[in-house]
Amino acid sequence: MSARGQVSAGELLQLVRSGRAVTRGALQQATGLSRATVGQRLDRLFRAGWLREGAGGPVDSPLGGRPSITLEFDDSHAVVLAADLETRHARAAVLSLTGEILAEHSGTLAVEDGPDVVLGDLGRWFGELLEKAGHRAEEVCGIGLAVPGPVDTASGRVVQPPIMPGWDGYDTRERLARAFTEATGAPPVPVLVDNDANLMAYGEQRTGFPDCSAFVLVKVSTGIGAGVVVDGSLFRGVDGGAGDIGHIRVGAEARCRCGSYGCLAAVASGGAVARRLAEDGVPAASGSDVRDLLAAGHPAASALAREAGRQVGDVLATVVTLLNPGVLMIAGDLAGTAFLTGVRELLYQRALPRSTAHLHVMTSRLGERAGLVGAGALVVEHLYAPERVEERLVALGV
Ligand SMILES: [Zn+2]
């Protein structure tokens, strides 16, 4: 919070959105601003359509006197678009500013076709989804994109991805903004790009565990990656590489898609389990095939998933010891009872009891929607962050 007298409209909005102060009196108390100054700043937020009076009616004022009207974030003034790319499959959605999915589509889209084709297709999907949701393209405030590879979030470019040929260094933000405009005729909007495990972690933490100050999600599909949320923010490391645990060497001989040998992903990912099954004559070519076999209770698939869980659990013992998370969530194609059992076996054996005393190990709650929810939330947090609100209010002429 800035010094007294300099608290901005954006900071007041943040207090209301977070639920920390939702009446004029509470905002005065939280900021030290006068009633008149709070009123002036709120007036701008009302004129922008970003705030409304709460549906719950007046509540007792912290300053005494008459009951106060409550304020809430008005999520009806804009919508956000989100997409989550898998290697051969993608999901896209229109979401409300508070994270509700208003329209959704999933279908075949192969990242190996390259960014120009894939992002062009996503633009068209977005156009159709907006129609389905009954929203105009001009209402879209931004787009969030989850990709299965490492991302430099400052530029939005994918960096040396092992499973995304043709994407290295490509200007993903520019292409997706242009695809949206080509499909809808609306002006370009900001595009944010991040790694899929990061956005899944962000989506799950915010919707299910907002009070958990150290949250880890591990996605086990074609590859293996982890997202880390610390004190409500994504922890990406200095190069966006934090959580890229799939390429930790575990000493096996299998060749990994990154070019090295013995990576965790080469022995314990959905793709690795599919290869082992295929060697034994079970028809499986991908992590999603393994997912289907697990869902059908296939015994060999379950046994291999449990073994993969043990291998990942061994690495997670180090992760848990380093970060001491409250929640360790398993997501992706292998997420299920067999894999989770394997993770627990090794994790509790190898990690310090002190690091696991308050640890909850569980499977994903949002399932296949986690990346979409996280991508939408990232866009909203970016656009309504206090440091960006002033500029946006001025652009709206309020
Ligand atoms: Zn590797």
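Read on for an overview of the structure. Everything quoted here is computed from the prediction, not taken from an experiment. (Residues numbered from 1 in each chain as written. Predicted model: local features only at pLDDT ≥ 70, side-chain atom pairs only at ≥ 80, totals over all residues. Heavy atoms only, no water.)

Here's the deal with the packing of aromatic side chains
Remark: the centre distance and the inter-plane angle together describe each pair of aromatic rings, the angle taken between the planes.
Working step 1: The full count for this structure, using the stated rule, is three aromatic pairs.
Working step 2: Taking 4.9 Å as the distance between ring centres and 70 degrees as the angle between the ring planes, the aromatic pair formed by Trp-50 and Tyr-384 counts as edge-to-face. Of the two residues, Trp-50 sits in the loop between helix H3 (35-47) and strand S1 (51-53) while Tyr-384 sits in the loop between helix H13 (370-383) and helix H14 (386-395), which places them 334 residues apart along the sequence. For the residue pair Trp-50 and Tyr-384, the accessibility class agrees, reading buried in each case.
Working step 3: On the basis of an interplanar angle of 40 degrees and a centroid distance of 5.8 Å, the ring pair of Phe-209 and Phe-215 is categorised as tilted. Each member of the pair, Phe-209 as well as Phe-215, is classed as buried.
Working step 4: A connected cluster of aromatic rings, assembled from ring pairs, spans Trp-50, Phe-73 and Tyr-384. (Phe/Tyr/Trp six-rings, centres within 6.5 Å; stacked < 30°, edge-to-face > 60°. Helix = DSSP H or I, 4+ residues; strand = E, 2+ residues; numbered from the N terminus. Buried < 20%, exposed > 50% of the residue type's maximum accessible area, 1.4 Å probe, protein only.)

Structural notes on the pattern of salt bridges
Side chains that carry opposite charge are capable of pairing whenever their charged atoms lie near each other.
Working step 1: Enumeration according to the criterion identifies 27 salt bridges in this entry.
Working step 2: Linking Asp-121 and Arg-124 is a salt bridge whose minimum nitrogen-to-oxygen distance equals 2.5 Å. Of this pair, Asp-121 and Arg-124 are both found in helix H4 (residues 115-133), three residues apart, which corresponds to roughly one turn of the helix.
Working step 3: With a relative accessible area of 47%, Arg-124 lands in the partly exposed category.
Working step 4: With a shortest N-O distance of 3.6 Å, Asp-171 and Arg-157 are connected by a salt bridge. With Asp-171 in the loop between strand S8 (157-158) and helix H5 (172-184) and Arg-157 in strand S8, the pair connects residues that are 14 residues apart, well separated along the chain. (Salt bridge = Lys/Arg side-chain N within 4 Å of Asp/Glu carboxyl O.)

Some remarks on the pairing of strand S10 (residues 214-220)
Working step 1: The element S10 is largely enclosed, with a buried count of seven among its seven residues.
Working step 2: Here S10 shows a buried face lined by Ala-214, Val-216, Val-218 and Val-220 and a second buried face lined by Phe-215, Leu-217 and Lys-219.
Working step 3: When S10 meets strand S11 (residues 224-230), the two strands line up antiparallel, connected through seven bridges. The residue of S11 that forms the bridge with Phe-215 is Val-229.
Working step 4: Where S10 folds back onto S11 in an antiparallel hairpin, the turn is made up of three residues. (Pairing = 2+ DSSP bridges.)

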